[in-house]
Amino acid sequence: MNYRKLFSTLAAGLALAATSAAAQAQVKIGVISSNTGPVALIGIPQKNTVPLLPKEIGGQQVQYIAYDDGSDPSNTVTLVKKLITEDKVDAIVGPSSSPNAMAALDFVAEAKMPLLAPVGTIAIVLPMDDKRKWVFKTTQNDGLVADKLVGHMVKNGVKTLGFIGTGDTFGETWYGVMQDKLKGTGIEIVANERFKRPDTSVTGQALRVLSAKPDAVLIAAPGGPSVLPEATLKDMNYKGTFYQTHGAALNEFLKLGGKKVEGTIVAGSVMLVPDQAPDSNPAKKVALEYINAYKAMHGSEPATFGGNMYDAGLLLQQAIPEALKSAKPGTEEFRVALRDALEKVKDLAGTQGIYNMTPEDHSGFDERGVELLTVKDGNWQLIQ
């Protein structure tokens, strides 16, 4: 008997069986959030939401492999590579901020890795191309949010607008969106300023905006940095109306800003005011379920940014069973099938709104995903 041949055959068979078992054992999901650094107000509720994500989908156990990128895009890239090459995940959820997500775009596309990005900028999914087709966005597109804000400006007689945004993808994208949305409205941008997220002073930018005497000011910044320009202008006795994007749609904005952010107009999700939303809104029930589960686990209410992470879990919960019909986890075929399944998600209620994905739209929200809010007596108030 040729024992060497027999042992080789057995070894090959065992290796094949081990590979097959590994491929079928579980679904692996990578998670990248900014738990430290300037974006921590966004990243911490996302990190805290991971334990609430589904642990079994389609009969498969789901393992979440989570990392902190420290708010640094270069760290994000390193972690994306690690998740792809070492952890061999089937999809990635994250990162927490727009610049970090844009930095990862080339690498997830090359690996054919579905990325569910809980970030604000529309640039991560549009214009659609061979790279962006691997990305799905779990926040409202900037254009939807801008429509709400511009509608309020027109209705309230705003003619001149000052703009202060972060000097990165988030701020630059928002400036471009506003330029487009203001066409034909008679509203002119008379000041255009930028600042860095870690900045502790924006005095120069605020003085230039103040000298332009705009009727209103729009601040395009995510998380804690959104407060600084508004507070600075308030200290300079600016009397116009303040507008904020969905980047400021978190309770920490109220805490950090205090009385200085009273009267601010914000376009955000129903998750900020679920008790004020009508029962007919399908997102209300999901938002309350998530908020209550988060409070039970962490003893505090989550920011809407945590809801973006929770919605990623809902999208995976709907798409993974479809992908399993075509391939096993741990394979390129499964990742491709998962991408295809995510693109076909229809009428899925999340904490932020209703998802209807298409090959052209990887955010999937319509106007039901955005509410117009104001800050009244230190709380969010739905504008009817």
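So, how was this worked out
- Residues numbered from 1 in each chain as written.
- Predicted model: local features only at pLDDT ≥ 70, side-chain atom pairs only at ≥ 80, totals over all residues.
- Heavy atoms only, no water.
- Helix = DSSP H or I, 4+ residues; strand = E, 2+ residues; numbered from the N terminus.
- Contact = heavy atoms within 4.5 Å.
- Core = buried A, V, L, I, M, F, W, Y, C linked by side-chain atoms within 4.5 Å.
- Buried < 20%, exposed > 50% of the residue type's maximum accessible area, 1.4 Å probe, protein only.
- Pairing = 2+ DSSP bridges.
- Axes fitted to C-alpha atoms, helices over the stretch in contact; angles between N-to-C directions.
- Phe/Tyr/Trp six-rings, centres within 6.5 Å; stacked < 30°, edge-to-face > 60°.
- Lys NZ or Arg CZ within 6 Å of the ring centre and 35° of its normal.

Asker: Give a detailed account of the side chain of His362, specifying residues and quantitative values.
Answerer: For His362, the location among the structural elements is in the loop between β13 (354-355) and β14 (371-376). Ignoring anything within four residues of it in the chain, the contact list for His362 reads Val125, Met128, Arg132, Lys133, Val135, Phe136, Lys137, Arg339, Glu343 and Met357.

Asker: Explain the nonpolar core to me, and be specific about the residues and the numbers.
Answerer: A general feature of soluble globular proteins is that nonpolar side chains tend to end up buried together. Ranked by size, the top nonpolar core spans 64 residues in total, and within it Leu149, Trp174, Met178 and Leu338 carry the most contacts. Of the residues forming this core, the biggest block, 10 residues, is contributed by helix α11 (residues 304-324). When sequence neighbours within four positions are dropped, the list of residues in contact with Trp174 reads Asp142, Val145, Ala146, Leu149, Phe163, Leu218, Ala220, Thr245 and His246. Counting residues in each nonpolar core, the second largest holds 20 residues, with Val80, Leu83, Ile92 and Leu115 among its members.

Asker: Can you lay out the sheet that holds strand β15 (residues 379-382) for me, pointing to particular residues and giving the numbers?
Answerer: One open sheet accounts for seven strands, arranged β8-β7-β9-β10-β11-β14-β15; its pairing is mixed. Edge positions in the open sheet fall to β8 (188-195) and β15, since each of these has one partner strand only. Averaged over all pairs of adjacent strands, the angle between strand axes in this sheet comes to 25°, irrespective of strand direction. As paired strands, strand β11 (residues 265-268) and β14 are joined by four bridges and run antiparallel to one another. From the neighbouring strand, Ile265 faces β14, where its bridge partner is Thr374. The strands touched by helix α6 (residues 169-181) are β7 (160-166), β8 and β9 (216-220); relative to β7, the strand with the most contacts, the crossing angle is about 155°.

Asker: Before we move on, could you go through the packing of aromatic side chains and cite the residues and values that matter?
Answerer: Enumeration over the complete set of coordinates arrives at six aromatic pairs. On the basis of an interplanar angle of 15° and a centroid distance of 6.1 Å, the ring pair of Phe253 and Trp380 is categorised as stacked. One end of the pair, Phe253, is in helix α9 (residues 251-257); the other, Trp380, is in strand β15, and 127 residues separate them in sequence. The exposure class assigned to Phe253 is buried, which follows from its relative accessible area of 1%. Residue classification places Trp380 among the buried residues on the basis of a relative accessible area of 6%. Plain terms: the ring middles of Tyr355 and Phe365 are 4.5 Å apart, the flat faces sit at 40° to each other, and that makes the pair tilted. Of this pair, Tyr355 sits in strand β13 while Phe365 sits in the loop between β13 and β14, and the two are 10 residues apart along the sequence. Judged by its relative accessible area of 7%, Phe365 is buried. Members of the aromatic cluster, joined through ring pairs, are Tyr290, Tyr294 and Tyr310. Stacked on the ring of Trp134, the Lys or Arg Arg339 has its end atom at 5.8 Å from the ring centre.

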